[in-house]
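Residues per chain are reported as follows:
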Amino acid sequence: FWEKEAQKAGGEAALANMVPYITSKLTPFIANDLVRPIISQQRSAFNFREAMDSRKIVLVNLAKGKIGDLNANLLGMIIIGKILMAALGRADLPEAERKDFYLYIDEFQNFLTESINVILSEARKYRLNLTIGHQYIGQLVKGGDTKFRDAIFGNVGTKVCFRIGVEDAEIMEKEFEPVFNANDLINIPRYNAYVKLLIDNANPPPFNMKTFPLSRGSTALAAQVRELSRLKYGKHRSIVEAEVLERAKI
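Here's what I pulled together on the structure shown here. Sequence positions are assigned chain by chain, starting from 1 and proceeding in written order. With pLDDT at 70 or above as the cut-off, local features in this predicted model cover only qualifying residues; side-chain atom pairs require 80 or more to be listed or tallied, and sums for whole chains, interfaces and linings still use all residues. Note that the side-chain values use all heavy atoms of the structure and ignore hydrogens as well as water.

## Section: the overall build of the protein
Across its full length, the protein carries 11 helices and 5 strands. Taken along the three principal axes of its C-alpha coordinates, the protein extends 70 × 50 × 40 Å. Here the protein holds 250 residues, and the buried ones make up 27% of them. When contacts within the protein are restricted to residue pairs at least 6 apart in sequence, those whose partners lie at least 24 apart make up 62%. Computed by Shrake-Rupley with a 1.4 Å probe, the accessible areas treat only the displayed protein chains as cover when residues are assessed. Carbon and sulfur atoms provide 56% of the accessible area of the protein, an area that totals close to 17,200 Å². Across the protein, the 34 positively charged side chains and the 29 negatively charged ones have centroids separated by 6 Å. Secondary structure elements are taken from DSSP: a helix is a run of H or I of four residues or more, a strand is a run of E of two residues or more, and numbering for both begins at the N terminus. Exposed residues in this analysis have more than 50% of their type's maximum accessible area, buried residues have under 20%, and partly exposed residues fall in between, with area computed by a 1.4 Å probe over protein chains only. Contacts are assigned to residue pairs with any non-hydrogen atoms lying within 4.5 Å of each other. We score Asp and Glu as negative and Lys and Arg as positive, and we do not count His or the chain ends. To locate a charge, take atom NZ for lysine, CZ for arginine, CG for aspartate or CD for glutamate.

## Side note on the packing of helix H6 (residues 114-122) against helix H7 (residues 147-155)
A pair of packed helices can be characterised by two numbers: the angle between their axes and the separation between those axes. Between H6 and H7, the least distance of the axes is 9 Å, while the angle of their chain directions is 15°. On the basis of the axis angle, H6 is roughly parallel to H7. For H6 against H7, the interelement crossing comes out left-handed. Contacts between H6 and H7 involve Glu-114, Asn-117, Leu-120 and Ser-121 from the first element and Lys-147, Phe-148, Ala-151, Ile-152 and Asn-155 from the second. By the convention adopted, Pro, Cys, Tyr, Trp, Phe, Met, Ile, Leu, Val and Ala count as nonpolar, Lys, Arg, Asp and Glu as charged, and the other residues, Gly among them, as polar. A per-class count over the contact of H6 with H7 returns 4 nonpolar, 3 polar and 2 charged. Each axis is a line fitted through C-alpha atoms, and for a helix only the stretch in contact is used; angles between axes span 0 to 180 degrees, taken between their N-to-C directions. Each angle gets one of four labels, with under 35 degrees taken as roughly parallel, over 145 as roughly antiparallel, 65 to 115 as roughly perpendicular, and the rest as oblique. For any pair of crossing helices, the crossing counts as left-handed if the nearer helix is rotated counterclockwise from the farther one by less than a right angle, and right-handed if it is rotated clockwise.

## Some thoughts on the pairing of strand S4 (residues 192-196)
Taking burial as the measure, the 5 residues of S4 include 5 buried ones, the bulk of the element. Neither face of S4 is exposed, since Asn-192, Tyr-194 and Lys-196 on one face and Ala-193 and Val-195 on the opposite face are all buried. One requirement defines pairing of two strands: DSSP has to find at least two bridges between them. Where strand S3 (residues 159-161) meets S4, 3 bridges bridge the pair, whose relative direction is antiparallel. What sits directly across from Lys-159, in S4, is Lys-196. Taken together, the 4 bridges between S4 and strand S5 (residues 207-210) define a ladder with antiparallel strand orientation. Paired with Tyr-194 across the two strands is Asn-208, which belongs to S5.

## Observations regarding the nonpolar core
Note that soluble globular proteins tend to have their nonpolar side chains buried in a common cluster. Note on terminology: a nonpolar core comprises buried Ala, Val, Leu, Ile, Met, Phe, Trp, Tyr and Cys residues joined through side-chain atoms within 4.5 Å. By size, the foremost hydrophobic cluster in this structure holds 24 residues, and its most contacted members are Met-52, Ile-83, Ile-105, Phe-108, Ile-116, Ile-119 and Leu-128. Counting only elements with at least two residues in this core, the list comes to helix H3 (48-53), helix H5 (69-88), strand S1 (101-105), H6 and H7. If one sorts the elements of this core by residue count, H5 sits on top with 6 residues. In this view, Ile-105 contacts Ile-80, Phe-111, Ile-116, Leu-130, Thr-131, Ile-132 and Gly-133; residues no more than four positions away in its chain are not counted.

## Some thoughts on the packing of aromatic side chains
We call Phe, Tyr and Trp rings a pair once their centres come within 6.5 Å, taking the six-membered ring for Trp, and we label the pair stacked below 30 degrees between planes, edge-to-face above 60, and tilted otherwise. Using the criterion set out here, one finds 2 aromatic pairs in the structure. Ring centres 3.8 Å apart and planes at 10° place the aromatic pair Phe-180 and Tyr-194 in the stacked group. Pair noted here: Phe-180 is in the loop between helix H8 (166-176) and helix H9 (182-186) and Tyr-194 is in strand S4, with a separation of 14 residues, a long-range link. The class for Tyr-194 is buried, based on a relative accessible area of 9%.

## Details of the sheet that holds S5
The 3 strands lie next to each other as S3-S4-S5, forming an open sheet whose pairing is antiparallel. Only two strands of the sheet have a single neighbouring strand rather than two, namely S3 and S5. Ignoring which end each strand starts from, the neighbouring axes of this sheet average 35° apart.

## Focus on the pattern of salt bridges
Note on definitions: salt bridges are taken to be side-chain nitrogens of Lys or Arg within 4 Å of carboxyl oxygens of Asp or Glu. Taken as a whole and judged by the stated rule, the model has 15 salt bridges. A salt bridge links Lys-56 to Glu-50, with the shortest nitrogen-to-oxygen separation between them at 3.2 Å. A salt bridge links Asp-100 to Arg-127, with the shortest nitrogen-to-oxygen separation between them at 2.9 Å. Remark: Arg-127 occurs in the loop between H6 and strand S2 (128-132) and Asp-100 occurs in the loop between H5 and S1; sequence separation between them is 27 residues. Each of Asp-33, Arg-36, Arg-237 and Glu-241 takes part in salt bridges that share partners, so that together they form one network.

## As for the environment of Trp-2
You can see Trp-2 is positioned in the segment before helix H1 (15-30). Judged by relative accessible area, which is 48%, Trp-2 ranks as partly exposed. If near-sequence neighbours (up to four positions away) are discounted, Trp-2 is found in contact with Gln-7, Leu-15 and Ile-22.

## Re H5
In this scheme, a helix's expected span is set at 1.5 Å multiplied by one less than its residue total. With 20 residues, H5 should cover 28 Å at 1.5 Å per step; its first-to-last C-alpha distance of 29 Å lies within 8% of that length. Every buried residue of H5 is accounted for by Asn-71, Ala-72, Asn-73, Leu-75, Gly-76, Ile-79, Ile-80, Gly-81, Ile-83, Leu-84, Ala-86 and Ala-87.

As structure tokens, this is what we get:
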């Protein structure tokens, strides 16, 4: 587009006039030593469609303390968008051949985008399964707009409720009454949950379920897997920086 189309524009829309407006939006990211090597590469190291179809695991650490709030939001939205496009691209596969791919998003309130709405309403038939984590229901409302909260509750059939706060209990009470009330939801014992199932488009009465604490994995094994993945898929930072500097002719 930039090489074949944008350069043909003239007058106020000429590329020379538009470039400062465009690049000014990118400067905060390009100037960041951590983010620049990530977004400045010409070829992505990750093929999300291939990861989906071959059941690979992609872990993305977007800790704000390490990369900053703005950078975390940018990278998170880009990755979620790419995963959505990869899922929609499965339209060329027969439905029986689409393998389940699980997308887990922690601190979900930071990534409330239209892509999430599409995933909630349309991605199920492409076998993209979404698990989202956040603190309370109020985080799903942005500027008084409840479309994200409504999309989530409208697309969830089975509900499992562990101990929650007072405000959330007032909302969830309507889902679990008359078997459980708000006071029950606030005072659920540890490792216990109340469950409301959706079975054949019918809701049997809610019931109590006891779970077990997770066993701890091996941190040493995790470090070895991470290092192997880095060697197999990664590229040394100095090589990436050299390529960026060469393209920029700096």
